[in-house]
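# Remarks on the overall topology
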Amino acid sequence: MARPWSRITGTGAALPGRAVSNDELARQLAARGIETSDEWIVARTGIRQRYIADASLSTTALGAQAARAALQAAGLEPAALDLIVLATSTPDQIFPSTACLVQADLGAAGAAAFDVQAVCSGFVYGLAVADAMIRTGVYRRALVVGAEIFSRILDWNDRTTCVLFGDGAGAVVLEASEQPGILAARLHADGTQARILCTAGRLAQGAVHGDPFLRMDGQAVFRLAVNVLDASAREVLADAELGVEAVDWLVPHQANVRILSATARRLGLAESKVIVTVGQHGNTSAASVPLALDLAVRDGRVRAGQHVLLQGVGGGFTWGSVLLRF
Ligand code: ACO
């Protein structure tokens, strides 16, 4: 039997209750004696607002909400799934995995379920892993979720990081198919760069040891991100024997509009082909790529048969690309 391809058959998204504008955030930070402004945030990042979860919301609940939307779009019942891969750096518990908790919430008992931890590259990592598992012929219907509540690991006294991130979840259903879907997937990491973006604290003997907050060297991240995204895009295009002109849509990790513009410029891709949601969502880490994809599918930009390039980059340092025919 020929090896099956894997194809995305449904997308979904979930955002917590309320958008917090830059002006509102600036007022909240001013009350703590921290100065920032809508002008600074928009000019440096393109972010205009972000969604922040309240204390009662879990990463599991957000992930399950996005998963249900993706399953509905695919016309599948949760019980039909045989694989759940969930990407998060903000799990609800140390264990079990958030994938197992989402599986229970959905009622998909029996499906294999595990988390991948690749920070902002997590969804692209999860998609590549699920694709490889489907292509073995053993798994046929997978759910890949990116779900994050980053607001809980931000230091709200550090204006260089707390204005950048938001909460959310996105998901896709990936099914075995005789028609090509994912054409090429490549993942990379460089652990020697771990310190430029990290949350280094750990739990031991009943207490947090070390720093429990996200820390970042913004300029180092910027430089590395632009370099690796360009090389990674060219790698999957070469694997699929396609040129840049074949790309209908670039759906990159949404960290910063300046990174997105620089990547498009280096690739020679028109900016009109880049899906940009960072203004609405902020940086939602592993959720950003599936959130952006779902938005562009639902508003009719991404259509069946088009070539879509998904790209992740983030802590680790990790990066990767998935090129697919939608
Ligand atoms: N509001 C107002 N002023 C600020 C703020 C803020 N929120 N944050 C920093 N500043 C000030 C700094 O204190 C500094 O002031 P100074 O010149 O008086 O010392 C000034 O603004 C410039 O600071 P820089 O850190 O040099 O600002 P930069 O131009 O590098 O922009 C940024 C910072 C936006 C983080 C940029 O480095 C960047 O885009 N980095 C990419 C990293 C990124 O997007 N990370 C997201 C997560 S990583 C990922 O997802 C892959």
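Conventions we followed
- Residues numbered from 1 in each chain as written.
- Predicted model: local features only at pLDDT ≥ 70, side-chain atom pairs only at ≥ 80, totals over all residues.
- Heavy atoms only, no water.
- Helix = DSSP H or I, 4+ residues; strand = E, 2+ residues; numbered from the N terminus.
- Polar contact = N/O pair within 3.5 Å; in protein donor to acceptor, adjacent residues only side chain to side chain.
- Contact = heavy atoms within 4.5 Å.
- Disulfide = S-S within 2.5 Å.
- Buried < 20%, exposed > 50% of the residue type's maximum accessible area, 1.4 Å probe, protein only.
- Pairing = 2+ DSSP bridges.
- Axes fitted to C-alpha atoms, helices over the stretch in contact; angles between N-to-C directions.
- Near = heavy atom within 4 Å.
- Areas by Shrake-Rupley, 256 points an atom, 1.4 Å probe, with all protein chains shown as cover.
- Nonpolar A, V, L, I, M, F, W, Y, C, P; charged D, E, K, R; others polar.
- Domains from an automatic or database assignment.
- Buried area = accessible area lost by both parts, 1.4 Å probe.
- Salt bridge = Lys/Arg side-chain N within 4 Å of Asp/Glu carboxyl O.
- Patch = residues over 30% accessible without salt bridge, like charges linked within 9 Å, V, L, I, M, F, W, Y side chains within 5 Å.

### Focus: the side chain of E24
Take E24: it is sitting in helix α1 (residues 22-30). A polar side-chain atom of E24 sits 2.7 Å from a polar atom in the side chain of R18. In this structure E24 touches R18 and A19, once residues within four positions along its chain are discounted.

### Observations concerning the state of the cysteines
Across all of its chains, the model carries 0 disulfides by this definition. Sulfur of C120: no disulfide; nearest cysteine sulfur belongs to C198 and is 13 Å away. With relative accessibility at 6%, the residue C120 sits in the buried group. Judged by relative accessible area, C198 falls into the partly exposed class, the value being 25%.

### Some words on the sheet that holds strand β14 (residues 307-314)
The 4 strands lie next to each other as β8-β15-β14-β13, forming an open sheet whose pairing is mixed. Of all the strands in the sheet, the pair left with one neighbour each is β8 (182-189) and β13 (249-252). Across this sheet, the average inter-strand angle for adjacent strands is 10°, counted without regard to direction. Across 8 bridges, the pairing between β14 and strand β15 (residues 318-325) is antiparallel. Of the residues in β15, the one forming a bridge with Q311 is S321.

### Section: the site of the ligand
Taken together, 24 residues sit near the ligand, with T36, R44, H253, N256 and N283 positioned nearest. Backbone polar atom of R159 to a nitrogen atom of the ligand: 2.9 Å apart, as the coordinates give it. Backbone polar atom of G218 to a nitrogen atom of the ligand: 2.9 Å apart, as the coordinates give it. About the coverage of the ligand: the protein hides 75% of its 1000 Å² of free accessible area. Top element by residues in the shell around the ligand is helix α7 (residues 218-239). It accounts for 4 residues. When grouped by side-chain class, the residues that make up the shell around the ligand number 11 nonpolar, 9 polar and 4 charged. Viewed by domain, the shell around the ligand spans two of them, domain 1 (5-177) and domain 2 (182-325), each represented by three or more residues.

### A few points about the domain arrangement of the protein
Under the domain assignment, the protein is made up of domain 1 (5-177) and domain 2 (182-325). For domain 1 versus domain 2, the separation of C-alpha centres amounts to 14 Å. Counting from both sides, the interface comprises 53 residues of domain 1 and, opposite them, 47 residues of domain 2. Carbon and sulfur atoms supply 65% of the area buried between domain 1 and domain 2, which totals about 3700 Å² over both sides. Ranking the residues of domain 1 by area buried against domain 2 places C120, V124 and Y125 at the top, with a combined share of 17%. Where domain 1 touches domain 2, the interface holds 2 salt bridges. Note that R215 and D155 form a salt bridge whose closest N and O atoms lie 3.0 Å from each other.

### Here's the deal with a nonpolar patch on the surface
The grouping of I94, F95, L203 and V208 at the surface amounts to a nonpolar patch, some 480 Å² of accessible area in total. By secondary structure assignment, the location of I94 is in the loop between β4 (83-87) and α4 (98-106).

### With respect to helix α10 (residues 288-298)
Of all 11 residues making up α10, 8 are buried, and the element is well covered by its neighbours. Listed in full, the buried residues belonging to α10 are S288, V289, P290, L291, A292, L293, D294 and A296.

### Some remarks on the sheet that holds β4
A sheet is described by the order of its strands in space; here 5 strands give the open sequence β1-β7-β6-β4-β5, paired in mixed fashion. The open sheet has two edge strands with one neighbour each: β1 (5-14) and β5 (112-116). Adjacent strand axes in the sheet meet at a mean angle of 20°, parallel and antiparallel pairs treated alike. Bridge analysis of β4 against β5 gives 5 bridges, and the strand direction is parallel. Each residue of the ladder has a partner; that of L86, found in β5, is D115.

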